[in-house]
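Residue-level structural notes
Listed below, chain by chain, are the residues.
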Amino acid sequence: MEKERLGVSPSGEEIFAYTLVNEAGMQAKIMNYGCNLLELWVPDKDGILSDVVLGYEKIEDYFVNSPGFGCCVTPNANRIGGASFTLNGKTYEMEKNDGNNNLHSGSNPIHREIWEVKDVDDKHITFTYHKKAGQCDLPADMDLMITYTLSDNNALAIDYMAKAAEDTLFNPTNHSYFNLGGHDAGNAMNQIVWLDADKFTRADNESIPHGQILPVKGTPMDFTTPKAPAVDTDTDYDQLNWAGGYDHNYVLNNPSLSAACASLTDPVSGRKMEVYTDLPGMQLYCGNYLSPEHIGKGGYAYQRRDGLCFESQYFPNAINVPEFDQPIAKAGVETKTTTIFKFSNI
């Protein structure tokens, strides 16, 4: 394990990056600022390593990071409609940082805080953070723990754990943008996506689901047969028109840590990524809002749709839709979830 000092956070705390390495040579670099995944080096069909996640060159850019490059979003990922919810009879008002809605826990999220390193070796690292009641406009003191594990079969597992003093929201995700040709390979929309999801949650024009679940069959939302997002992303269809392309939650048929629920394949490099999760939903986001103002690693200016996100999650706005599985950490109970990104070659 390599430890590297990157700089100082806005609060004056030191930022360090830690590089995990497995026996196959795959590498994952993660920093203590927000538990962000900075680099992920994966071999192609010829054994050549490339960094397949988008990210910034300058550490200071992570202090804003509006695209969410590499973030482990906690306590609550995605959107809450109206930036308001009711839990146990009490209504909580949140910051409106996405129109009328709350997105990714607001503009002062925990993925812009320094986490403590609890344990680290060549193949895993565990971070902890104590969230105070009211932080991110959410109730309850909460102890959070995130562990990255890089296995010798080229799988990167992310384990999330929360234990709260009272009931509160807990819906974590990882917001890495993947481009299996390499982070600087350009447009990723011709890479092949598969989702084991026969349904998706219909969203309004502010990307808020309200309970309607629709079949993907016969619509451009269908990835049950693998296809490149470029095939249908510009189709005249209300869901795609409103979101500027794919940015939607899919209802997974069989959430599991033993069977993949999604995959991304790059026919050019031969790299393939499979995604495993125990959470009920997966947000497919195809980088619709990326722009050249985001200067990436090596000075590369990212363009729209240069990376794809596979965000495992409870459904967006679930706390306001009782029919959806609820993203609630119960008081005093350890709540856990895991997502795995496994790499191979075709």
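Residues numbered from 1 in each chain as written. Predicted model: local features only at pLDDT ≥ 70, side-chain atom pairs only at ≥ 80, totals over all residues. Heavy atoms only, no water.

Re the overall build of the protein
A count of helices and strands for the protein gives one helix and 26 strands. A compact globule built from 346 residues should have a C-alpha radius of gyration of about 20 Å, and the protein, at 19 Å, falls within 12% of that. C-alpha atoms of the protein, sized along the principal axes, occupy 60 × 50 × 40 Å. Burial analysis of the protein (346 residues in total) assigns 58% to the buried set. Restricting the contact set of the protein to residue pairs at least 6 apart, pairs at least 24 apart contribute 64%. If you sum the accessible surface of the protein, you get close to 13,200 Å²; carbon and sulfur atoms cover 47% of it. (Helix = DSSP H or I, 4+ residues; strand = E, 2+ residues; numbered from the N terminus. Rg over C-alpha atoms; globule rule 2.2 N^0.38 Å. Buried < 20%, exposed > 50% of the residue type's maximum accessible area, 1.4 Å probe, protein only. Contact = heavy atoms within 4.5 Å. Areas by Shrake-Rupley, 256 points an atom, 1.4 Å probe, with all protein chains shown as cover.)

A few points about the packing of aromatic side chains
Inspection of the entire model under this criterion finds 16 aromatic pairs. Geometrically, the ring pair formed by Trp 115 and Tyr 129 is tilted, given 5.4 Å between the ring centres and 35° between the ring planes. Taken together, the positions of Trp 115 in the loop between strand 10 (102-103) and strand 11 (116-120) and Tyr 129 in strand 12 (residues 124-131) put the pair 14 residues apart, joining distant regions of the chain. This pair shows no difference in class: Trp 115 is buried, exactly as Tyr 129 is. (Phe/Tyr/Trp six-rings, centres within 6.5 Å; stacked < 30°, edge-to-face > 60°.)

Regarding the pattern of salt bridges
Opposite charge on two side chains permits them to pair, given that their charged atoms come into close proximity. Here the structure, examined in full by the defined rule, presents 13 salt bridges. The shortest N-O distance in the salt bridge between Asp 238 and Arg 202 comes to 2.8 Å. Separated by 36 residues along the polypeptide, Asp 238 in helix 1 (residues 238-243) and Arg 202 in strand 18 (residues 199-203) bring together distant segments of the chain. On the accessibility criterion, Asp 238 (27% relative accessible area) is partly exposed. Asp 232 is the partner of Lys 227 in a salt bridge, and the nearest nitrogen-oxygen pair spans 2.6 Å. Taken as a pair, Lys 227 and Asp 232 share a single burial class, namely buried. Taken together, the salt bridges that share partners define one network made up of Glu 4, Lys 29 and Glu 39. (Salt bridge = Lys/Arg side-chain N within 4 Å of Asp/Glu carboxyl O.)

What about the nonpolar core?
Counting 69 residues, the largest nonpolar core has Leu 40, Tyr 148, Leu 195, Tyr 250, Phe 310 and Phe 343 as the members making the most contacts within it. Aside from chain neighbours lying at most four places away, what touches Leu 40 is Met 26, Gln 27, Ala 28, Ser 50, Asp 51, Val 52, Val 53, Leu 156, Phe 178 and Phe 343. Membership of the second largest hydrophobic core comes to 17 residues, among which are Met 31, Phe 63, Ile 114 and Leu 290. (Core = buried A, V, L, I, M, F, W, Y, C linked by side-chain atoms within 4.5 Å.)

Comments concerning the state of the cysteines
Counted according to the given criterion, the structure contains zero disulfides. Between Cys 261, a free cysteine, and Cys 309, which holds the nearest cysteine sulfur, the sulfur-to-sulfur gap is 15 Å. Here Cys 261 falls in the buried class, since its relative accessible area comes to 0%. (Disulfide = S-S within 2.5 Å.)

Brief notes about the sheet that holds strand 26 (residues 335-345)
Spatially, the eight strands line up as an open sheet ordered 11-12-13-14-26-22-21-17, and their pairing is antiparallel. Each edge of the open sheet is held by one strand with a lone partner, namely strand 11 and strand 17 (192-195). Across the sheet, the mean angle from the axis of one strand to that of its neighbour is 15°, orientation sign disregarded. Two elements, strand 14 (residues 155-164) and strand 26, share eight bridges in a ladder whose sense is antiparallel. In the sheet register, Ala 162 faces strand 26, and the bridge partner there is Thr 335. (Pairing = 2+ DSSP bridges. Axes fitted to C-alpha atoms, helices over the stretch in contact; angles between N-to-C directions.)

Concerning the environment of Met 31
Structurally, Met 31 is set in strand 3 (residues 27-31). In this structure Met 31 touches Leu 6, Ile 15, Phe 16, Ala 17, Asn 36, Leu 38, Ile 59, Tyr 62 and Phe 127, once residues within four positions along its chain are discounted.

So, the sheet that holds strand 3
Taken together, five strands build an open sheet; the order of strands is 1-2-3-4-5 and the sheet is antiparallel. The open sheet has two free edges, formed respectively by strand 1 (2-8) and strand 5 (49-51), since each of these has just one partner strand. Direction aside, neighbouring strands of the sheet carry axes that sit 20° apart on average. Sheet topology places strand 4 (residues 37-43) next to strand 5; three bridges connect them, and they run antiparallel. Counted as the bridge partner of Trp 41 is Asp 51 from strand 5.

Description of the environment of Asn 187
Secondary-structure assignment places Asn 187 in the loop between strand 16 (173-174) and strand 17. Looking at Asn 187, the relative accessible area reads 47%, which means it is partly exposed. When the C-alpha positions of Asn 187 and Gly 307 are compared, they lie 7.1 Å apart, and in sequence the two are 120 residues distant. Discounting chain neighbours no more than four positions away, the residues touching Asn 187 are Asn 179, Arg 304, Arg 305 and Asp 306.

Read these as spatial facts, not as claims about activity.
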